[in-house]
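Structural overview for review
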Amino acid sequence: MTLEVRLLGTFRVKSGTKIVALTSRPAQSLFAYLILNAGTSYRREKLAGQLWPDSTEESARDYLRHALWRIRKSLQEASSAVFLKADDLTIAFDAGADKWLDVQVLRQADEGRPVETLMDALGSYQGELLPGFYDEWVLLEREQLLGVYERKIACLLEFLDQDRRWNETVEWAERWISFGQKPEAAYRYLMLAHAAQGDMAKAAAAFDRCERALAVFGVEPSEQTRRLYDDVRSGRLRLQTELAAPVSEPRKALPSTLPVSLTSFIGRQKEIWEVVRLVGEKRLVTLTGSGGVGKTRLAIEAARKLERKFKDGVCWIGLVGLSDPDLIGQEIAQVLHVREIPSETLLETVKSYLRSRELLLVIDNCEHLIRACADISEQLLAACPRIKILATSIEALGLFNEINWQVPSLPLPDRLRLPAPNELVGYESIQLFVERAANAKPGFAMTENNAPSVAKICQHLDGIPLAIELAAARIKVLTVEEIAARLDDRFSLLTSGSRTAIPRHQTLRATIDWSHELLSEPERILFRRLAVFSSSFNLEEVEAICEAGSLGPSDLLDSLGRLVDKSLVIADSDAYASETRYRLLETIRQYALEKLVGAGEAQSLRQEHAKYFLQFAGQAEPQIYGSNSPRWVHRLQHELDNVRAAMDWFMANGQADLALQMLGDLVYFWFAHGLIGSEWNDRLHDALARPEGQKPTLARAKALNGMSFMYWADITPMEQRSELEEALAIAEELGDPLNSAVVLRSLGLYENIHGNFAAARQDLRRSIALFRGLGPEGRMGMANSLIFLGDVAFNQREWAEAKSLVEEAAATLRAFGDINFLAYTVRRLGHIDWLEGDFKQARMRCGESLSLNREVGGPRGVLATLVGFAAIAVARSQYQRAATLMGAVDAQLALRKVNLLYIDRLEYARNRAELQKALDQKAFNRAMGKGQVMSLDEAIAFAAES
């Protein structure tokens, strides 16, 4: 089976339909290096040095061995073929292996005619080689391949210009520009093509774009480009192209019936070429997706690319406005100019006409006539072996060998780390809004001030093109900031679509109404009830919350599956939890919520939802520590918005005591994942201040204790001693030794931070005694109290006692399979190791802590471990490395809005001060800056290198 490898614009390896899962960056780098140099045998030590030049020889060899093991394992899981040749000395990728490599296709592309062959080869270039990789060899290879691509695409544009194929000249010039290299030649071809078509405004605009693009690099357009622009302005160029004899294009059996778009098509070049590729491989491809996502426009653009690939062209069959399924055959016949023959059915006549033709039929908007479209498509494909069908629909046709390709929303900027305005324009959703807004209000431009609001609009509208266009149309009467502020009422706001658009595309509500009207009654009931979920959900939750009345258990799974089929619900596979999770786009959810309120079911469903997640929080609390911790933490990450919604419901309905209960149950999860901040404090203080929250209940005691624990974590500016004393009094009054022990531990943490070490020791020892008295039930709590007693000894620089206490805690945690607090424990042992000068042991401990924190997904712990690696580097006089790691930590703490724990902050401050003494300010800033631009994964990889 052919191994398909894509390294341009992505990293993806497939064997048939199986994805070869190579997620490790070192494994990806090694695999790419070997396949790009297939047939060349490399000595292991040379290869290790080549790929990991900054590492020690021993570390580089370790990385090589581990990466090679991962590659072999992943390839063996996907294919029985052998792709690597390796012995004790050398490694090579088998040059004779059955493989398809996009880089090879690009390199081997013939720079001559026919043009279509060159187009196919250049279509394999989806962006720079191995984006996100910054190894020296990658940078050199990337530059070389970019040169190959630019040389070949320049040849293609020259041929297209010679053949007067202006539309394709524009398409390929824009494609070249879209890869971000600002090629001046591409802008010249744009000017030529637009001028030849008589559109002098676009020709002039192409020059303006060229001038702005080059200005970013501090250069101006060349004399050649300026002369061409002068010819465009003077009209000389248009006169020349009008007098030139056109080159005859290949004759088509049928004239093009593709719709002419009245607005520009923004981005989606990768999607277009993916559809083109799929149609090349399969006979039936259906583009599916929710209303307004852009299925029709994508089909049009892909069909334009495909026109020349079919001898008899492309025929567009639009079913908008057609309500009778019996008229589909007549619509196809009319487009094909086929006349009915009295002796046979019209469909048979169409089959006879198409039987010998090589043709692409594009059938648009099939969803309301889905059964008839499926039947006719099946008959045509069976009877006419040389035709292919590209369909668009809310749901797939459901035929054998059909490829169902889900049209994605437009890419969106990261909500957590909003790029600068000059980077925002690289996102297609932002481009669409800005261009459509400028069309609606000439002179509109995105600025540094309004860029966050533009991003917010696109994000809140889920990147749905139609919704973004409707929002942009409102720029005539509202500012960008006002549009963004009104998106909670998006269905009233987004009602100004084009008068010439089909009715269901003139308002956002009409678009979703169209999908809703195609649902059966059980599907409508479930659809509106799913709006009660504030984030993703699983089948168990749907069954527990949404089953009631006429919607029985037998209806749920079938109706949920149909909602997925009809693109109203998105199904995501959660491989880690081995389950499927479902979600609604926020725009779809808002619509469903209106239906839920209208049906009078909102109150009862929200109460059921809140009760379910109250129970869920109680079930999660004992599981957060122990062998099941990663699975439950993973689940909680998915459910966090549902948990928040449940607490909001309790607070709004006089049940603040239940909100307190949830806050107390999940305190350690919120702590570990950096989710405390102002939200935690605001929720807690609001609940504690309510009459229901002031009763001396266990829930109040746990919440007060949680407040103090968070104080230890973040050192918030508040006095916690009185709250802890109240919590202890409640727990003792209720005769609850478990929670008494927990509160005493928090008192010990409080005293430790304030330097009252004797009091801290007394409280922690009392806590340990109570936990011991509980037997096995108290073993985990005892381990945590031992850790913090070790911290007291650590702060008093009593290393031997600290190590003994923490090692005892670690042994208990390992025995119980806990990895959550074990990560903290191991890191503290590593801290002691590097202070004692045992750097090898310290690195090993930090490595284990890092792995544990990553397994449970704790960002605070991961960053604290990076601080540990930085401290080791300082101790070893590796100052540049240490400063780079600290820069990465700084950036990630700010991005994620979390703090290091107090003891880690002290270590960080001490090492930073030492670095600033060891390095001059310029070197320090340069090294910090290098770290600040790293992603978290890049920083982790950097930390593990030496």
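Residues numbered from 1 in each chain as written. Predicted model: local features only at pLDDT ≥ 70, side-chain atom pairs only at ≥ 80, totals over all residues. Heavy atoms only, no water.

**A word on the overall build of the chain**
To keep it simple, the criterion reads: Going along the chain from the N terminus, every DSSP run of H or I of four or more residues is numbered as a helix, and every run of E of two or more is numbered as a strand. All radius of gyration figures rest on C-alpha atoms, and the globule criterion is 2.2 Å times the number of residues raised to 0.38. Each residue's exposure class comes from its accessible area (1.4 Å probe, protein chains only) as a fraction of the maximum for that residue type: buried when under 20%, exposed when over 50%, partly exposed otherwise. The accessible surface values rely on the Shrake-Rupley method and a 1.4 Å probe; as for residues, cover is taken only from the protein chains in view. Residues counted as positive are Lys and Arg, residues counted as negative are Asp and Glu, and His and the chain ends are not counted. Note that the charge is assigned to NZ on lysines, CZ on arginines, CG on aspartates and CD on glutamates.
Helix and strand counts for the chain stand at 45 helices and 14 strands. Its C-alpha atoms give the chain a radius of gyration of 32 Å, near enough to 30 Å, the size a compact globule of 946 residues would have. Dimensions of the chain, computed from the C-alpha atoms along their principal axes, are close to 95 × 70 × 60 Å. By residue count, 54% of the 946 residues in the chain fall in the buried class. When the accessible surface of the chain is split by element, carbon and sulfur atoms take 50% of a total near 40900 Å². Side-chain charges of the chain comprise 113 positive and 126 negative groups, with the mean position of each set lying 3 Å from the other.

**What about unusual backbone geometry?**
A positive phi is found at Leu130, a non-glycine position, where the angle reads about 45°. Topologically, Leu130 is positioned in the loop between helix 5 (115-122) and helix 6 (136-162). Located in the positive-phi region is Arg164, a residue other than glycine, with phi close to 60°. Topologically, Arg164 is positioned in the loop between helix 6 and helix 7 (166-178).

**Focus on helix 37 (residues 779-795)**
Given 3.6 residues to a turn, an α-helix orients residues that are three or four positions apart in the same direction. How we decide: Expected span of a helix: the number of residues minus one, times 1.5 Å.
Relative to the 24 Å expected for 17 residues at 1.5 Å per residue, helix 37 spans 25 Å between its end C-alpha atoms, a close match to the ideal helical length. Burial analysis of helix 37 places 15 of its 17 residues in the buried class, which makes it a mostly covered element.

**Let's talk about the sheet that holds strand 5 (residues 84-86)**
Worth spelling out the cut-off: Between any two strands, at least two bridges found by DSSP are needed for them to pair. The contact rule is simple, with two residues in contact once any of their heavy atoms fall within 4.5 Å. Every axis corresponds to a line fitted to the C-alpha atoms, with the helix fit spanning only the stretch in contact, and the corresponding angles, defined between N-to-C directions, vary from 0 to 180 degrees.
Across the sheet, three strands lie side by side as 4-6-5; this open sheet has antiparallel pairing. The open sheet has two free edges, formed respectively by strand 4 (42-43) and strand 5, since each of these has just one partner strand. Seen against the sheet, helix 1 (residues 25-36) touches strand 4, strand 5 and strand 6 (90-93) and runs at an angle of roughly 70° to strand 6.

**Here's the deal with empty space enclosed by the protein**
Our working rule: The pocket and cavity definitions rest on a 1 Å grid over protein atoms only: a 1.4 Å probe that fits but cannot leave marks a cavity, an open set with protein on both sides within 12 Å along at least five of seven lines marks a pocket, and residues lining either have an atom within 4 Å of a point. Grid points are joined across faces, edges and corners, and a volume is the space filled by probe spheres set on the points. Side-chain classes follow a simple rule in which Ala, Val, Leu, Ile, Met, Phe, Trp, Tyr, Cys and Pro form the nonpolar group, Asp, Glu, Lys and Arg form the charged group, and the remainder, Gly included, forms the polar group.
Enumeration over the complete set of coordinates arrives at three cavities of 30 Å³ or more. Lining the largest cavity are 17 residues, with Phe671, Asn820, Tyr824, Asn853 and Gly861 sitting closest to its centre. No other element matches the five residues that helix 39 (residues 820-835) contributes to the lining of the largest cavity. Of the residues that constitute the lining of the largest cavity, the class distribution is 10 nonpolar, four polar and three charged. Lining the second largest cavity, in full, are Trp712, Asn752, Ile753, Asp791, Asn795, Tyr824, Leu901, Tyr902, Ile903 and Leu906. If you list the elements that add at least two residues to the lining of the second largest cavity, you get helix 35 (737-753), helix 37 and helix 43 (902-918). Sort the elements by how many residues they give to the lining of the second largest cavity and helix 43 lands first, with three residues. Of the residues that constitute the lining of the second largest cavity, the class distribution is seven nonpolar, two polar and one charged.

**A short note on the environment of Ala800**
One can find Ala800 in helix 38 (residues 799-816). Overall, Ala800 belongs to the exposed group, its relative accessible area being 63%. Taking the C-alpha atoms as reference points, Ala800 and Ile832, separated by 32 residues in sequence, lie 9.1 Å from one another.

**Considering the packing of helix 39 against helix 43**
Spelled out, the test is: Crossings are assigned a handedness: left-handed for a near helix turned anticlockwise from the far helix by less than a right angle, right-handed for a clockwise turn.
At a minimum axis separation of 12 Å, helix 39 and helix 43 run at an interaxial angle of 35°. Helix-helix and strand crossings are classified by hand; for helix 39 and helix 43 the assignment is left-handed. Across the interface between the two elements, Tyr824, Arg827, Arg828, His831, Trp834 and Leu835 of helix 39 pack against Ile903, Asp904, Glu907 and Arg910 of helix 43. Taken together, the residues of the contact of helix 39 with helix 43 sort by class into four nonpolar, one polar and five charged.

**As for the pairing of strand 8 (residues 284-288)**
Of all five residues in strand 8, five are buried; the element is thus mostly enclosed. Neither face of strand 8 is exposed, since Leu284, Thr286 and Thr288 on one face and Val285 and Leu287 on the opposite face are all buried. Note: strand 8 against strand 11 (residues 387-393), five bridges, orientation parallel. Bridge pairing in strand 11 links Leu287 to Thr392. Sheet analysis places strand 8 next to strand 12 (residues 403-406), joined by four bridges and oriented parallel. Each bridged residue has a counterpart across the sheet, and for Thr288 the counterpart in strand 12 is Gln406.

**Comments concerning the nonpolar core**
Counted only if it meets this: The criterion is simple. A nonpolar core is a set of buried Ala, Val, Leu, Ile, Met, Phe, Trp, Tyr and Cys residues joined through side-chain atoms within 4.5 Å.
Judged by nonpolar contacts, the single largest core of 151 residues is most densely connected at Phe433, Leu530 and Trp712. Dropping the residues within four chain positions of it, Phe433 is found in contact with Phe444, Val454, Ile457, Cys458, Ile468, Ala471, Ala472 and Val480. Judged by nonpolar contacts, the second largest core, of 102 residues, contains Leu84, Leu157, Cys210 and Leu360.

**Description of the environment of Phe265**
Here Phe265 shows up in the loop between helix 11 (236-243) and helix 12 (269-281). A relative accessible area of 22% places Phe265 in the partly exposed class. As for Phe265 and Arg297, which are separated by 32 residues in sequence, their C-alpha atoms are 7.7 Å apart. Discounting chain neighbours no more than four positions away, the residues touching Phe265 are Ile272, Arg297, Leu298 and Glu301.

**Some remarks on the packing of aromatic side chains**
Convention followed: Ring pairs are drawn from Phe, Tyr and Trp, using the six-membered ring of Trp, whenever the two centres fall within 6.5 Å, and their geometry is named by plane angle: stacked under 30 degrees, edge-to-face over 60, tilted for the rest. A ring has a charge above it when a Lys NZ or an Arg CZ is no more than 6 Å from the ring centre and no more than 35 degrees off the ring normal.
Taken as a whole and judged by the stated rule, the model has 20 aromatic pairs. With centroids separated by 5.9 Å and ring planes inclined at 70°, the aromatic side chains of Phe491 and Tyr591 adopt a geometry described as edge-to-face. Taken together, the residues Phe491 in helix 22 (residues 490-493) and Tyr591 in helix 27 (residues 586-598) connect sequence positions 100 residues apart. Given a relative accessible area of 4%, Phe491 falls into the buried group. These aromatic residues form a ring-pair network of at least three members: Phe11, Phe31, Phe83 and Phe93. Seen from the ring of Tyr824, Arg828 lies directly overhead, with NZ or CZ sitting 4.9 Å from the centre. Over the ring of Phe942 we find Arg881, and its NZ or CZ is 4.2 Å from the ring centre.

**A closer look at the confidence of the model for the chain**
What counts, and what does not: One number per residue, pLDDT, summarises how confident the predictor is, and it ranges from 0 to 100.
Averaged over every residue, the pLDDT of the chain is 86; residues scoring 70 or more account for 94%. Mean pLDDT per element in the chain: helix 11 is the minimum at 46, and strand 8 is the maximum at 96. Here residues 238-253 is modelled with pLDDT under 50, and outside its nearest four sequence neighbours on either side it reaches 20 contacts, counting other chains as well.

**Digging into the sheet that holds strand 9 (residues 314-318)**
The strands that make up a sheet pair up through hydrogen bonds in the backbone, lying either parallel or antiparallel. The strand order 9-10-11-8-12 describes an open sheet built from five strands, whose pairing is parallel. Edge positions in the sheet fall to strand 9 and strand 12, since each of these pairs with one other strand and no more. Across the sheet, the mean angle from the axis of one strand to that of its neighbour is 20°, orientation sign disregarded. The sheet strands contacting helix 16 (residues 370-383) are strand 8, strand 10 (359-364) and strand 11, and the helix crosses strand 11 at an angle near 170°.

**A word on the pattern of salt bridges**
To be explicit about the condition: Every case where a carboxyl oxygen of Asp or Glu lies within 4 Å of a side-chain nitrogen of Lys or Arg is listed as a salt bridge.
This structure, assessed with the given rule, holds 58 salt bridges. In this structure, Arg226 engages Glu211 in a salt bridge whose closest nitrogen and oxygen atoms are separated by 3.7 Å. Taken as a pair, Arg226 in helix 10 (residues 223-234) and Glu211 in helix 9 (residues 200-215) lie far apart in primary sequence, 15 residues in all. Between Arg814 and Glu848 there is a salt bridge, with the nearest N and O atoms lying 2.8 Å from each other. Remark: Glu848 occurs in helix 40 (residues 839-856) and Arg814 occurs in helix 38; sequence separation between them is 34 residues. The class of Arg814 is partly exposed, set by a relative accessible area of 43%. Taking the relative accessible area as the measure of exposure, Glu848 reaches 27% and is therefore partly exposed. Linked by salt bridges that have partners in common, Glu395, Glu523, Arg562, Asp565 and Lys566 make up one network.

**Quick notes on the packing of helix 41 (residues 859-875) against helix 45 (residues 936-943)**
At a closest axis distance of 10 Å, the pairing of helix 41 and helix 45 adopts a crossing angle of 35°. For the crossing formed where helix 41 meets helix 45, the hand is left-handed. Residues Val862, Leu863, Leu866 and Phe869 of helix 41 form the contact with helix 45, whose own contacting residues are Leu936, Ala939, Ile940 and Ala943. Residue composition of the contact of helix 41 with helix 45, grouped by class: eight nonpolar, no polar and no charged.

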